[in-house]
Amino acid sequence: MPSDARASFSTSEIIRVLEVFGIGGLKSLADLPAGSRRAAKLVATCTNGVYLLKRRELKGAGLDRIRYATEVHRHAMKQGVPCAPMMPPAEAAPFLIEGPYNYEVQGFVKG
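Report follows, based on the coordinates. Note that this is a predicted model, so its numbers are computed, not measured.

Here is what the cut-offs are and how they apply
- Residues numbered from 1 in each chain as written.
- Predicted model: local features only at pLDDT ≥ 70, side-chain atom pairs only at ≥ 80, totals over all residues.
- Heavy atoms only, no water.
- Helix = DSSP H or I, 4+ residues; strand = E, 2+ residues; numbered from the N terminus.
- Expected span 1.5 Å × (residues − 1).
- Buried < 20%, exposed > 50% of the residue type's maximum accessible area, 1.4 Å probe, protein only.
- Arc of directions from axis to C-beta.
- Pairing = 2+ DSSP bridges.
- Contact = heavy atoms within 4.5 Å.
- Salt bridge = Lys/Arg side-chain N within 4 Å of Asp/Glu carboxyl O.

**Remarks on helix α3 (residues 63-78)**
Next up, step 1: Here α3 spans 23 Å end to end across 16 residues, near enough to the 22 Å set by a 1.5 Å rise per residue.
Next up, step 2: Where α3 is concerned, the buried positions are I66, T70, H73 and A76. Down the axis of α3, the buried set is contained in an arc of 125 degrees. They therefore lie on one face. Among the exposed residues of α3, those pointing more than 90 degrees away from its buried face are D64, Y68 and K78.
Next up, step 3: One or two positions beyond α3, positive phi appears at G80, with a value near 90 degrees.

**A word on the pairing of strand β5 (residues 101-107)**
Next up, step 1: Of all seven residues in β5, six are buried; the element is thus mostly enclosed.
Next up, step 2: One ladder, built from seven bridges, connects strand β3 (residues 49-57) with β5; its direction is antiparallel. Bridge pairing in β5 places R56 opposite N102.
Next up, step 3: Here strand β4 (residues 96-98) pairs with β5 via three bridges, running antiparallel. Residue L96 lies in a different strand from β5, and its bridge partner there is Y103.

**Digging into the environment of V105**
Next up, step 1: Looking at the element boundaries, V105 is found in strand β5.
Next up, step 2: Since its relative accessible area comes to 1%, V105 is described here as buried.
Next up, step 3: Sequence spacing of V105 and V43 is 62 residues, and the spatial spacing of their C-alpha atoms is 9.7 Å.
Next up, step 4: With residues up to four places along the chain from it excluded, the contact list for V105 reads V17, F21, I23, Y51, L52, L53, P85, M86 and M87.

**Considerations on the pattern of salt bridges**
Next up, step 1: Under the defined criterion, the tally for this structure stands at five salt bridges.
Next up, step 2: The shortest N-O distance in the salt bridge between E98 and R16 comes to 2.7 Å. Placement of E98 in strand β4 and of R16 in helix α1 (residues 11-21) is noted, with a sequence separation of 82 residues between them.
Next up, step 3: What makes E98 partly exposed here is its relative accessible area of 28%.
Next up, step 4: The exposure class assigned to R16 is partly exposed, which follows from its relative accessible area of 35%.

Right, dumping it as structure tokens:
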């Protein structure tokens, strides 16, 4: 992928993430061209709310780093720090690992 191209989701990835995280029926999708170009990001408006869908490569982030960042996020929320709510999939982990990617869903905070 050229350095100026942004990573993007395939249709099958979007369907899979919506199914696993159970965030409701999809109404609309919008690209979110913010942050790292290597991490695909979408804003999904669903029947249950508005969410940020994010995909990162595991080789860059590493599973230990992802787990650590998740724990920091949870701790901050428990301490009252304003954070976007994490949406856990059906499994216990607040993220989904499939192939070389990590998928995360959070409540979208406009701003």
